[in-house]
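Each chain, written out:
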Amino acid sequence: MTLELLGDFALQLSPGAVANGVNYVWILVVCFLIFFMQPGFALLEAGQVRAKNVGNVLMKNMTDWTLGTLVFFVLGAAVSGLVAQLTAPGTAFDLMGAFGYMSSTAGAGWVDWFFGAVFAMTAATIVSGAVAGRMKYSAYVFVAVAMTAIIYPAVTGMTWGGGLLSGSGFIGDALGVGYLDFAGATVVHMVGGLAGLVGAKMVGPRSGRFDSSGESQPIPGHSMLLAVLGTLFLAFGWYGFNVGTQATVLAAGDGAVTFQGAALGRVVLNTTLGMGAGAVAAMLVSAGWQGKPDPLWAANGLLAGLVAVTGAVPHVTWWGGLILGGLAGALVLPTYRWVVDSLKIDDVCGVFAVHGSAGAIGTILIPVFAYQSGGVAILGDTWGFGGGTQLAMQVIGVAVIGIWTVLATAAAFKIADVLFGLRVSETEEDVGLDEAEHGVSVYPEFVAGGSREGPTVTTDGSGISGGTQDD
């Protein structure tokens, strides 16, 4: 094709068509980045479990993605649409319309479905890190199906889908504001963190996790290297998670196409600042708590910082993003110790501290650090309080999502217990889930029959593991 013909062809394209095409390609690219979080979760969890359970963790992560995407296509996405219809005033119930994404006429709607699917798989995968080392694979599969078919889709229906907590939902309409959670600090991460906490409680602690007096005993993970690499993989994918949710890269109007650089810039800046502040804050807290800075606590602080700003990145000032990330990172170690030492819950990978509490805190505080054009200039950015009504909506939204997640997850685990039993036997747990559940050994040179373990991270004199999650 000659340059002249290319020019004529370009003139025939409307600005709207150009912007729409670029935006959808952008969505696909960021979805691929979000998928890359899956190997990040696999490495992070594998590093924090014992050598004899690595294969089981890897199997669960693959199941979350493969089976989860099928379930989300067949049922989950439709459940989200149905919940949205049922929890918004004046919305007609349309069962077939909720399944409309399956139709070949959906076209680019399939890209929209894929965008929703990668978020759903993230929420489901978080659970596996909490229940590692003792849960039956069959029971876990049932819970993963429940997460992707009902539990998570119901939350998106109440929020992003236009239901209960959105501006057009029953609660949002009554208050006059919608719930703010840009990329899923609560919708994705708090849901996964709370589901993992409930599951860990119901499955019970690993053998040897608590002594006869109820004091927690560290069970170090087998590879700090894998855990930290997994963290960095997740951080890379998180740019797709947050920046990708800013799905409009080009906007069409008045016969021209405009690049949305300011919006993208705020999202990527707050993502990066929250990540860095979370890691540094956790490093400082671990140094004060344990006497030395712990690389795995820094890694989990990095993730907690990312979780905290995930719902806030387009809504807050740059210094607000930094404060939210730092606050979440500083709280991740004491929150984890509270879960283990006070609640006596064996949350292996600390998913509640990293995903649950950090997501709730970051989302509730959005109005406190809100960016407002024309607001008060502070440190080069313009701030304005988001309002008491918005703050109330944030609290209500976290409460509604939290209560639903706890009750629905408890029901899923209870049903799984009745159908399959939640735990492997004591003998199987001792041998390791790799051999007992899958008949494999990830480290055959070092793990004889799954009963011996490879090198572990040592513990310090205070009894706190040198590994992040005492595992």
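Residues numbered from 1 in each chain as written. Predicted model: local features only at pLDDT ≥ 70, side-chain atom pairs only at ≥ 80, totals over all residues. Heavy atoms only, no water.

Asks: How would you summarise the pattern of salt bridges if you had to cite specific residues and measurements?
Replies: Scanning the model with the defined rule gives five salt bridges in all. Where aspartate 346 meets arginine 206, a salt bridge forms, and the shortest distance between an N and an O atom there is 2.7 Å. Here aspartate 346 is found in the loop between helix H13 (318–342) and helix H14 (351–364), whereas its partner arginine 206 is found in the loop between helix H9 (185–203) and helix H10 (224–243), with 140 residues between them in sequence. On the basis of relative accessibility, which here comes to 0%, the residue aspartate 346 falls in the buried class. Residue arginine 206 is classed as buried on the basis of its relative accessible area, which comes to 6%. Between aspartate 346 and arginine 209 there is a salt bridge, and its shortest N-O distance comes to 3.1 Å. Taken together, the positions of aspartate 346 in the loop between H13 and H14 and arginine 209 in the loop between H9 and H10 put the pair 137 residues apart, joining distant regions of the chain. For arginine 209, a relative accessible area of 0% translates into the label buried. Because the salt bridges share partners, they merge into one network encompassing Arg206, Arg209 and Asp346. (Salt bridge = Lys/Arg side-chain N within 4 Å of Asp/Glu carboxyl O. Helix = DSSP H or I, 4+ residues; strand = E, 2+ residues; numbered from the N terminus. Buried < 20%, exposed > 50% of the residue type's maximum accessible area, 1.4 Å probe, protein only.)

Asks: I'd like a description of unusual backbone geometry, backed by residues and values.
Replies: A positive phi angle, close to 60 degrees, is found at lysine 344, a residue other than glycine. With respect to the secondary-structure elements, lysine 344 resides in the loop between H13 and H14. Residue classification places lysine 344 among the partly exposed positions, given a relative accessible area of 34%. Notably, leucine 379 is not glycine yet its phi reads approximately 55 degrees, a positive angle. Along the polypeptide, leucine 379 turns up in the loop between strand E3 (371–378) and strand E4 (381–383). Residue classification places leucine 379 among the exposed residues on the basis of a relative accessible area of 59%.

Asks: How would you sum up a nonpolar patch on the surface? Please name residues and give values.
Replies: Together, Leu13, Val18, Val22 and Val257 give the surface a local cluster of nonpolar side chains, amounting to about 260 Å² of exposed area. Residue position: valine 18 is located in helix H2 (residues 15–35). (Patch = residues over 30% accessible without salt bridge, like charges linked within 9 Å, V, L, I, M, F, W, Y side chains within 5 Å. Areas by Shrake-Rupley, 256 points an atom, 1.4 Å probe, with all protein chains shown as cover.)

Asks: Could you give me a rundown of the packing of aromatic side chains, with the residues and numbers involved?
Replies: In total, this model carries 14 aromatic pairs according to the counting rule given. Look at phenylalanine 36 and phenylalanine 236: their rings are 5.7 Å apart centre to centre, the planes differ by 90 degrees, and that puts the pair in the edge-to-face class. Pair noted here: phenylalanine 36 is in the loop between H2 and helix H3 (37–48) and phenylalanine 236 is in helix H10, with a separation of 200 residues, a long-range link. Classification of phenylalanine 36 as partly exposed rests on a relative accessible area of 31%. Centre to centre, the rings of phenylalanine 119 and tryptophan 160 are 5.9 Å apart; their planes meet at 85 degrees, and the pair counts as edge-to-face. Residue phenylalanine 119 is located in helix H6 (residues 109–130), and its partner tryptophan 160 is located in the loop between helix H7 (137–158) and helix H8 (170–175); the two are separated by 41 residues in the primary sequence. (Phe/Tyr/Trp six-rings, centres within 6.5 Å; stacked < 30°, edge-to-face > 60°.)

Asks: Account for the packing of helix H12 (residues 295–310) against H14, with residues named and values stated.
Replies: Contact geometry of H12 with H14 gives a least axis separation of 7 Å together with a crossing angle of 40 degrees. Classified by the angle their axes make, H12 and H14 are oblique. Note that H12 runs across H14; the crossing there is right-handed. Across the interface between the two elements, Asn300, Leu303, Ala304, Val307 and Ala308 from H12 touch Val354, His355, Ala358, Gly359, Gly362 and Thr363 from H14. Of the residues assigned to the contact of H12 with H14, the class counts are six nonpolar, five polar and no charged. (Axes fitted to C-alpha atoms, helices over the stretch in contact; angles between N-to-C directions. Parallel < 35°, antiparallel > 145°, perpendicular 65-115°, else oblique. Left-handed = near helix turned anticlockwise from the far one by under 90°. Contact = heavy atoms within 4.5 Å. Nonpolar A, V, L, I, M, F, W, Y, C, P; charged D, E, K, R; others polar.)

Asks: Go over the pairing of strand E1 (residues 250–253), please, and point to the residues and values.
Replies: With four bridges connecting them, E1 and strand E2 (residues 256–259) associate as antiparallel partners. Among the inter-strand pairings, alanine 252 is bridged to a residue of E2, identified as valine 257. As consecutive antiparallel partners, E1 and E2 are separated by two residues, and within that stretch aspartate 254 has a phi angle of approximately 55 degrees, a positive value. (Pairing = 2+ DSSP bridges.)

Asks: Outline H2, supporting the account with residue identities and numerical values.
Replies: Between its first and last C-alpha, H2 extends 30 Å over 21 residues, near the 30 Å set by a 1.5 Å rise per residue. Within H2, the full set of buried residues consists of Ala19, Asn23, Ile27, Val30, Cys31 and Ile34. Looking straight down H2, one finds its buried side chains confined to an arc of 110 degrees; they lie on one side. Exposed and oriented more than 90 degrees from the buried face of H2 are Val25 and Phe32. Against H3, H6, H10 and E1 lie the buried residues of H2. (Expected span 1.5 Å × (residues − 1). Arc of directions from axis to C-beta.)

Asks: Account for the pairing of E3, naming residues and giving values.
Replies: For E3 and E4, the ladder comprises four bridges, and the chain directions are antiparallel. Bridging across to E4, tyrosine 371 finds its partner in tryptophan 383. Here E3 hands over to E4 after two residues, with leucine 379 in that stretch at a positive phi of 55 degrees.

Asks: Outline the confidence of the model for the protein chain, listing residues and values.
Replies: Averaged over all residues, the pLDDT of the protein chain is 91; the fraction at 70 or higher stands at 92%. The model gives residues 448–471 a pLDDT under 50, and that stretch makes 77 contacts with residues more than four places away or in other chains. (pLDDT = per-residue confidence, 0-100.)

Asks: Describe H7, naming the residues involved and giving the relevant values.
Replies: When the terminal C-alpha atoms of H7 are compared, their 30 Å separation across 22 residues agrees well with the 32 Å that a helix rising 1.5 Å per residue should span. Its maximal kink placed at methionine 147, H7 deviates by approximately 50 degrees. (Bend = angle between axes of the 7 residues up to and from the residue.)

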